[in-house]
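Topology and contacts: notes
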Amino acid sequence: MAFQFGSTQSSGLFGQANQAKSKDIEVTSPPDDSVSSLAFSPATVPLTFLVAGSWDNKVRCWEIQSSGQTIPKAEQMHTGPVLDVAWHDDGTKVFTASADKQAKMWDLNSNQAIQVAQHDSPIKVIKWVKAPNYSCIMTGSWDKTVKFWDTRQAQPMMTLQLPERCYCADVVYPMAVVGTADRNVVIYQLENQPSEFKRMESPLKYQLRCVSIFKDTKKNLPTGFALGSIEGRCAIHFVQAANPKDNFTFKCHRSNEASTFYQDIYAVNSIAFHPEHGTLATAGSDGKFSFWDKDSRTKLKTSDQMEQPITCCNFDAKGQIFAYAVSYDWSKGHEFFSAQKKNQIFLRANASEELKPRNRKR
């Protein structure tokens, strides 16, 4: 199914102003508070659905039609902010993690949600793990644990201690990566059963905000991850780098105030890799998103600045649509919060074209 909405015009190397708002489709009936997470339905589902978790304690689902029209389908509640969402690989269920210390499994066919996990503190991340010999959900919490759950059982299959509170995580079987407070990164291997593979200090000098695993495009296996910090910087790290110079960091989401002696530096709130090209998108507190080619170490495009920060972003399973949420992330404190500014989710078509690698040798 080809998505037709939006123009495909692009001016210059980094794209031009006004582009992002004028050509991107706004999702109808957006959340009533800041958006924490976005996830598209897996490729196993013939239609395209988008799920969003938000600080109004709700998780919502929309159908995204090929015309670009967005249809609200259903929603569920937690008793605290929803901090993360993830899909089951068959596309029939959505998992939600909340500050109410619970995780739920939402059956989209029956529109019923049941509790499937519990922690002693808010659950920051939730991921679906699909292995040949088992499947489970992985939850990471501020109680300094990662837990693996069979959704049919009340107790976790496994609990692993973290060095600090879980701030971010990603799973691409057979790899999981967790970033914690105090700049710790823990890598897990998931074959047979989850176990810790390696523990390291973050290559970034400031608090971690997000992590996203990337694949070796030839072998289609996870080979490393990108980290984003509050200091407008990303790190590209290979788990087993052939050459240490393959690992590098780069600056992003900073103001280019050439006329002054200082620079405004913003948090990198979200990183997403394109499912086909292996290029990546970053979204920041500066209200912009950027597209990058990590292999040629070039920036492909930067958006215009939105009215508020971009809190999260993601690609659909085919890599045709880029979704991003515009809402306040409280990075400048309560004085900068405005109830008049609404929360928005935008869909940008033509992502497959915009995120094509730049002059890469095949």
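Because the structure is predicted, anything quoted here is derived from the model rather than measured.

Remarks on the packing of aromatic side chains
- Tallying each qualifying case throughout the model produces 12 aromatic pairs.
- On the basis of an interplanar angle of 90 degrees and a centroid distance of 5.1 Å, the ring pair of Phe291 and Phe322 is categorised as edge-to-face. With Phe291 in strand E24 (residues 289-293) and Phe322 in strand E27 (residues 322-326), this pair connects stretches of sequence that are 31 residues apart. The same class applies to Phe291 as to Phe322, namely buried.
- Among the aromatic residues, ring-to-ring pairing joins Phe289, Phe291, Phe315, Phe322, Tyr324 and Phe346 into one connected group.
- If you follow Lys294 out to its NZ or CZ, it ends over the ring of Phe214, 4.4 Å from the centre.
- Over the aromatic face of Phe248 sits the side chain of Arg297, whose NZ or CZ is 3.8 Å from the ring centroid.

Some words on the nonpolar core
- Counting residues in each nonpolar core, the largest one holds 19 residues, and the members touching the most others are Met138, Phe148, Val178, Tyr188 and Leu190.
- Those elements that place two or more of their residues in this core are strand E10 (123-130), strand E11 (135-141), strand E12 (145-149), strand E13 (158-161), strand E14 (166-172), strand E15 (175-180) and strand E16 (184-189).
- The element contributing the most residues to this core is E14, with three residues.
- Sequence-distant contacts of Tyr188, defined by excluding residues within four places in its chain, comprise Val146, Leu160, Gln161, Leu162, Pro174, Met175, Ala176, Val178, Ser195, Glu196 and Phe197.
- Met306, Cys313, Phe315 and Tyr324 belong to the second largest nonpolar core, which has 16 residues in total.

As for the pairing of E10
- Counted residue by residue, E10 has six buried out of eight residues, so it is predominantly covered.
- Where E10 hands over to E11, the hairpin turn is made up of four residues, counted between the paired strands.

Structural notes on the pattern of salt bridges
- The final tally for this structure, using the stated rule, is 19 salt bridges.
- The closest approach of N and O atoms between Arg348 and Asp24, which form a salt bridge, is 3.0 Å. In this pair, Arg348 sits in strand E28 (residues 344-348) while Asp24 sits in the loop between helix H1 (19-23) and strand E1 (25-26), placing the two residues 324 residues apart along the sequence.
- The buried category is assigned to Arg348, whose relative accessible area is 1%.
- We classify Asp24 as buried; its relative accessible area is 7%.
- The residue Lys73 makes a salt bridge to Glu63 at a minimum N-O spacing of 3.5 Å. A residue pair is termed long-range when its members are at least 10 positions apart, and Lys73 in strand E5 (residues 70-77) and Glu63 in strand E4 (residues 58-64) qualify at 10 residues.
- On the accessibility criterion, Lys73 (47% relative accessible area) is partly exposed.
- Its relative accessible area of 12% is what places Glu63 among the buried residues.
- One continuous salt-bridge network, built from bridges that share partners, spans Lys23, Asp24, Lys301, Arg348 and Glu354.

Reading the values: the criteria
The residue numbers shown here count from 1 along each chain, following its written sequence. In keeping with the predicted nature of the model, local features appear solely for residues at pLDDT of at least 70, side-chain atom pairs appear and are counted solely at 80 or more, and the whole-chain, interface and lining totals rest on all residues. The basis for the side-chain values is all heavy atoms of the structure; hydrogens and waters are excluded. Only Phe, Tyr and Trp rings are paired, with Trp represented by its six-membered ring, and only when their centres lie within 6.5 Å; those with planes under 30 degrees apart are stacked, over 60 edge-to-face, the remainder tilted. Counting from the N terminus, the helices are the DSSP runs of H or I reaching at least four residues and the strands are the DSSP runs of E reaching at least two. The buried label applies to any residue whose accessible area, calculated with a 1.4 Å probe on protein chains only, is under 20% of its type's maximum; exposed applies above 50%, and partly exposed to all values in between. Each ring is checked for a lysine NZ or an arginine CZ that lies within 6 Å of its centre and within 35 degrees of its normal; such an atom marks a charge sitting over the ring. Residues belong to a common nonpolar core when they are buried Ala, Val, Leu, Ile, Met, Phe, Trp, Tyr or Cys residues joined through side-chain atoms within 4.5 Å. The criterion used for residue contact is that any of the two residues' heavy atoms lie within 4.5 Å. Paired strands, as defined in this entry, are two strands with at least two bridges between them according to DSSP. The rule for a salt bridge is simple: a side-chain nitrogen of Lys or Arg has to be within 4 Å of a carboxyl oxygen of Asp or Glu.

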